[in-house]
Amino acid sequence: MPLVTYVDHDGTRHEVEVEVGDNVMRGAVNNGVEGIVGECSGGLACATCHCYVAADWADVAGTPTSDDERDMLESAAAEVRPTSRLSCQIEVTAELDGLVVELPERQY
Ligand code: FES
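Computed from a prediction, not measured in an experiment: that's the story for all the values here.

**With respect to the packing of aromatic side chains**
One pass over the structure, following the stated rule, counts zero aromatic pairs. Here Arg 81 stacks its cationic end above the ring of Tyr 52, 3.9 Å away from the centre of that ring.

**Brief notes about the environment of Glu 17**
Within the fold, Glu 17 resides in strand 2 (residues 13-17). In this structure Glu 17 comes out as partly exposed when scored by relative accessible area, which is 48%. It is 29 Å that separates the C-alpha atoms of Glu 17 and Glu 74, two residues lying 57 residues apart in sequence. The contacts of Glu 17, once residues within four sequence positions are left out, are Met 1, Pro 2 and Leu 3.

**Some details on the pairing of strand 2**
Bridge count for strand 1 (residues 3-7) against strand 2 is five bridges, and the pairing is antiparallel. Its bridge partner being in strand 2, Thr 5 is matched across the sheet by Glu 15. Where strand 1 hands over to strand 2, the hairpin turn is made up of five residues, of which Gly 11 adopts a positive phi near 95 degrees.

**Re the sheet that holds strand 2**
With mixed pairing, the five strands of this open sheet are ordered in space as 2-1-5-3-4. A single partner strand is all that each edge strand has here, and the edge strands are strand 2 and strand 4 (84-86). Each strand axis lies, on average, 35 degrees off the axis of its neighbour in the sheet, ignoring direction.

**Focus: unusual backbone geometry**
Of note in this structure, Leu 44 is not a glycine but carries a positive phi near 60 degrees. With respect to the helices and strands, Leu 44 occurs in the loop between helix 1 (24-29) and strand 3 (50-53). Despite not being glycine, Ala 47 has its phi angle at roughly 65 degrees, a positive value. Residue position: Ala 47 is located in the loop between helix 1 and strand 3.

Calculation rules
- In this convention, every chain numbers its residues from 1, walking through the sequence in written order.
- Owing to the predicted nature of the model, reporting of local features is limited to residues with pLDDT of at least 70; listing and counting of side-chain atom pairs is limited to 80 or more, with chain, interface and lining totals taken over all residues.
- Side-chain numbers come from the whole structure's heavy atoms, not from hydrogens or water.
- Paired rings are identified among Phe, Tyr and Trp, the last through its six-membered ring, by centres lying within 6.5 Å, and are further divided according to the angle between planes into stacked (under 30 degrees), edge-to-face (over 60) and tilted (the rest).
- A ring is considered to have a charge above it if a Lys NZ or an Arg CZ atom is located within 6 Å of its centre and within 35 degrees of its normal.
- For the purposes of this entry, the term helix denotes a DSSP run of H or I that reaches at least four residues, the term strand denotes a run of E that reaches at least two, and both are numbered from the N terminus.
- Using a 1.4 Å probe on the protein chains alone, a residue whose accessible area is under 20% of its type maximum counts as buried, one over 50% counts as exposed, and one in between counts as partly exposed.
- Here, two residues are considered to be in contact whenever any of their heavy atoms come within 4.5 Å of each other.
- Only strands that DSSP links by at least two bridges are regarded as paired with each other.
- Working convention: axes come from line fits to C-alpha atoms, limited for helices to the stretch in contact. Angles between N-to-C directions cover 0 to 180 degrees.

Take a look at the structure:
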């Protein structure tokens, strides 16, 4: 399974294997990574799954994939950056093995 690394705002790293076809939000929630909340369970209705795709992965996964994601990101509690994503919208594929996402200071 692809390995996804979640980096808390304080620098703590969580390495999690996430099944192909699942998404980065669910990988966090199912494995106790508290920096991602995922309140709406991936329904594009909350922005509590906000993350920053690490610079090395920006070309692959650092751009929102829909206008709905872009719009919802505007509701994020923390600063929105060029590589901000809603992690529920990042589908895990074999190509994302090694993905690193950084978590914002807060989701509310
Ligand atoms: S979990 Fe609500 S928008 Fe991602």
